[in-house]
Amino acid sequence: MGVRHILTVFLWIMGLVGALLLSSEPQQNRADRIGEAISRTRDVQFAEVRLDGALMRAHGAVGASYDELTRRSAAIRAAVEEARAAIELIGARTVGPDADGAPMNNDDLGGVAVDPEEGELPQVLFEDIADVIDAKRAHIDAFKSDHAIMRNSMAYVPTLIRETLALAREGAPEVAEQVDGDLRALWEEVLVFGQQGGDELAASIGRRARTLAAIEGLPAPLAGQLDLLQRHLDTLVDRRVAVDRRLQAYFGEHVQEPYREIQERLTQARTEALDEAHYRSNLRLVLIGLLVLLGAQGLWGMRRRALRLEEGLEARTLALEAANAELEAEVEARRRTENELAEALKKSRAATQAKADFLANMSHEIRTPMNGVVGMTTLLLDTEMDEEQMQYVSSIERSGTALLTVINDILDFSKIEAGRMDIESRPFDVHQVVRDVAGVLLPAAQGKDIRIESKVGEGAPQWVLGDAVRLRQILLNLAGNAVKFTREGKVSVEVAWRGEDMLEFTVADTGIGIPAEKLRYIFDAFSQADSSTTRRFGGTGLGLAICRRLAELMRGEIHVESQVGRGSRFRVSLPMAATAAPQAADTRKERPSDRVIEPVTDQVRVLLAEDNVINQRVATRLLEKLGCDVHSVDDGTGAVEQALSRDFDIIFMDCQMPRMDGYAATRTLRAQGYDRPIVAMTANAMPGDRERCLESGMDDYIPKPIPRGVLERVLRTWAPGVGMGAEPRGSNGVGRESGAGRSSRA
């Protein structure tokens, strides 16, 4: 072979290698990844805008609207993570052989800001955005807590003002004249302040509250009520200021400059990658043309070599086709996997919804007959009976109460899972709570010959700030379990002060104990230490799960120590600050003989819409005993006809009825200008049911079974001639809690 042929072959080989190395695919892929990073960064911007809007809607809404805010917060977190992953992918190794067959990396292809003189890397710049987003999410978490407290105060302060006006009117006329004007002005300022805020309104509210508190010679109940009103006004003002401060801090976080800079850098890098791809593509075309010329020039002397090369190329083509077929099969397999995952997610969501629907239906179907059992038992206890009959009826009442406890446990667990459980912070007597828990369980303990002890540790404050209802629920659950699982010995309930505003509650027993390997599972929902426990002692397995969730909601924790055969010790640590005792604490207790229902009003005209015959009879008799004139219908259509044709003072509306349900009936009445109070009396008691009733236009909500005291409260609140209802119909007043826009009586 001559020198010319050798040179031709050498040039042809070098041109072929150059054409292979100058593939534009790596740079094109890099440009696509940079484009994806730009899109993900914009997604973060859009998610931030949506989060801002959700925050403003949550701030402006009267009802619960934190679900959207939580979803938007999670969405922006996901958008940040996706953008961070897309930006990090820009610097990943790119597959493509060099002359030696080794993979090339960014140093070979040109990276984004790999030179120190070009400034920070995009992922470093993006961390500033991520830090600001994290700060905003932290502000949102703090905002929800402050806003929830402010909203609760906004709902409760008008009630306090109404009660204070009622107390003032029951006293001397000169006393009513002293406080009436300031209270009504305070009412209007509180409503405006809750929506608009402002230092002037806050100062005005404080002055009026102090002016009322400074009035001398007021009756003790009225003075105590004014003091309670002043404390709640202080809480409302403080929380409103805190909410405004959270909003100011949230919108004070700005990341426009990092957004602009990172997008400019990414856009510049994408342009450079595309230019490099075009340059390589053009150069490759030039080399391919040179190869064609060189091939044509040396074709006459390289026929045999060409044949061998064609054979090699054919084999390589077959290999590439096989690899392509394998890649297509892998893509198809991944597509099938994605479809299967999507279907599984759909089924999971459907199962979750089915579970929620089942719980709601189960609650409704159990509460409907339970209302008849509890109501009829209440009415029967008010009749004359001998001792044996009284024992039988009392047994029915205790059984109904036990079943209702199971139902309430399920509802509490559902509310906690849905994030609808609110925790209050009010002064309460913690010593009395501990004694009450021991007193409630004393009859059950005496029936088993078990001692019940309550102990308050040295230094433990008597009055603290916290949620007494939820604390009592935790202690009753723990102590009730202790009595249930103890055959002999004692059960003790103790409280101790651990300093730094921390109280520790201990419930100890000498019962059967819990195996060590089961301790880690006892706080899980629907779980018990032993499958035989349910058969021997009963229970749903929800009590300890609810205790743990409530303790966590109260920013505390719960621990357990136990030995089989020697008993268990549960410790609940809760942050509760010591506070001063309220000046007018009501220490009166209901006597056992106070079971007889006394009339609370004089012939209030009541329309009762209830399709269940037994529940209709129970509600009718309870209302008649409270002094009401009751007219009953069994569906929503009849309720609309009767309400528009006759004069009623208040309507009690069931929600699920034939022909027309309670929601549709209420909306129909409101659409025709009906302005009398409508109160939901329903077995729907799941999270969101109360809000649905208020949104349909109802003024209040009572879940079944219907407690006598709650029914009495509703009549005192909404019935004319009782409490605040004594004013003329149509007078200006406070809007309903639902925020539906229709004003009711003051």
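The rules we used
- Residues numbered from 1 in each chain as written.
- Predicted model: local features only at pLDDT ≥ 70, side-chain atom pairs only at ≥ 80, totals over all residues.
- Heavy atoms only, no water.
- pLDDT = per-residue confidence, 0-100.
- Contact = heavy atoms within 4.5 Å.
- Phe/Tyr/Trp six-rings, centres within 6.5 Å; stacked < 30°, edge-to-face > 60°.
- Helix = DSSP H or I, 4+ residues; strand = E, 2+ residues; numbered from the N terminus.
- Buried < 20%, exposed > 50% of the residue type's maximum accessible area, 1.4 Å probe, protein only.
- Lys NZ or Arg CZ within 6 Å of the ring centre and 35° of its normal.
- Salt bridge = Lys/Arg side-chain N within 4 Å of Asp/Glu carboxyl O.
- Pairing = 2+ DSSP bridges.
- Axes fitted to C-alpha atoms, helices over the stretch in contact; angles between N-to-C directions.
- Patch = residues over 30% accessible without salt bridge, like charges linked within 9 Å, V, L, I, M, F, W, Y side chains within 5 Å.
- Areas by Shrake-Rupley, 256 points an atom, 1.4 Å probe, with all protein chains shown as cover.
- Core = buried A, V, L, I, M, F, W, Y, C linked by side-chain atoms within 4.5 Å.

I would appreciate a short explanation of the confidence of the model for the protein chain in the present structure.
Interpretation of this model should avoid reading the predicted coordinates in detail wherever pLDDT is low. Averaged over all residues, the pLDDT of the protein chain equals 76, while 77% of them reach at least 70. Scored below 50 in pLDDT, residues 93-119 makes 43 contacts in the model with residues more than four places away or belonging to other chains. Here residues 585-597 scores under 50 on pLDDT; set against residues more than four positions off or in separate chains, the count is 15 contacts.

Is there a simple way to explain the packing of aromatic side chains in this structure?
Scanning all chains against the criterion turns up one aromatic pair. Seen in terms of ring centroids, Phe 523 and Phe 570 are 6.3 Å apart; in terms of plane orientation they differ by 85 degrees. Their pairing is edge-to-face. Linking Phe 523 in the loop between strand S5 (502-509) and helix H14 (531-537) with Phe 570 in strand S7 (residues 567-575), this pair joins segments that are 47 residues apart in sequence. Across the pair, Phe 570 and Phe 523 agree in class, each one buried. Here Arg 692 stacks its cationic end above the ring of Tyr 663, 3.9 Å away from the centre of that ring.

What am I meant to see in the pattern of salt bridges here?
Oppositely charged side chains are able to pair whenever their charged atoms sit close together. Taken as a whole and judged by the stated rule, the model has 22 salt bridges. Among the charged side chains, a network of salt bridges with common partners joins Arg 498, Glu 504, Glu 561 and Arg 571.

Is there a simple way to think about the sheet that holds strand S6 (residues 557-563) in this case?
In sheet architecture, strand pairing relies on hydrogen bonds along the backbone and comes in two forms, parallel and antiparallel. Strand order in the open sheet formed by five strands is S2-S4-S5-S7-S6, and the pairing between neighbours is mixed. Since the sheet does not close on itself, it has two edges, and those belong to strand S2 (450-456) and S6, each with one partner. For this sheet, the mean inter-axis angle between neighbouring strands, taken without regard to orientation, is 10 degrees. As defined by bridge partners, S2 adjoins strand S4 (residues 489-497) across seven bridges and the pair is classed as parallel.

Would you take a moment to explain unusual backbone geometry for this structure?
Backbone geometry follows two general trends: most residues other than glycine have a negative phi, and most peptide bonds adopt the trans configuration. Between Lys 704 and Pro 705 the backbone carries a cis peptide bond, its omega angle lying at -5 degrees. A positive phi angle, close to 60 degrees, is found at Asp 449, a residue other than glycine. One can find Asp 449 in the loop between helix H12 (430-447) and S2. Asp 449 sits in the exposed class, given a relative accessible area of 68%.

Help me out: how do you make sense of a nonpolar patch on the surface in this one?
Where nonpolar side chains cluster on the molecular surface, the patch consists of Leu 285, Ile 288 and Val 292 and spans about 270 Å² of accessible area. Here Ile 288 is to be found in helix H9 (residues 256-298).

Which parts of the structure should I look at to understand the nonpolar core?
Proteins that are soluble and globular tend to have nonpolar side chains buried together. If you look at the biggest cluster of nonpolar residues, it comprises 59 residues, and the most contacted ones within it are Val 44, Leu 69, Phe 126, Leu 183, Val 190, Leu 229 and Leu 233. Going through the elements one at a time, helix H2 (25-60), helix H3 (66-90), helix H5 (122-170), helix H6 (173-196), helix H7 (199-214), helix H8 (220-251) and H9 are the ones with two or more residues in this core. A per-element tally of this core places H5 first, with 15 residues. By size, the runner-up hydrophobic cluster in this structure holds 42 residues, among which are Ile 450, Val 464, Ala 468 and Leu 550.

I keep staring at the pairing of S7 and nothing clicks. Help me out?
For a regular strand, side chains alternate in direction, first toward one face of the sheet and then toward the other. Sheet topology places S5 next to S7; seven bridges connect them, and they run antiparallel. Bridge pairing in S7 places Ala 508 opposite Arg 569. What sits between S6 and S7 in their antiparallel hairpin is a turn of three residues, with Gly 565 showing a positive phi close to 85 degrees.

Could you clarify how one ought to interpret the sheet that holds strand S12 (residues 700-703) in this entry?
In spatial order, the strands read S9-S8-S10-S11-S12; together these five strands make up an open sheet with parallel pairing. At either end of the open sheet lies a strand with only one pairing partner, and these are strand S9 (628-633) and S12. The mean angle between the axes of side-by-side strands here comes to 20 degrees, regardless of whether they run parallel or antiparallel. Where strand S8 (residues 604-609) meets strand S10 (residues 650-653), four bridges bridge the pair, whose relative direction is parallel. Counterpart to Leu 608 in the pairing with S10 is Phe 652. The sheet strands contacting helix H16 (residues 613-625) are S8, S9, S10 and strand S11 (678-682), and the helix crosses S9 at an angle near 165 degrees. Sitting on the sheet, helix H20 (residues 708-718) is in contact with S9, S10, S11 and S12, with an inclination near 170 degrees to S12.

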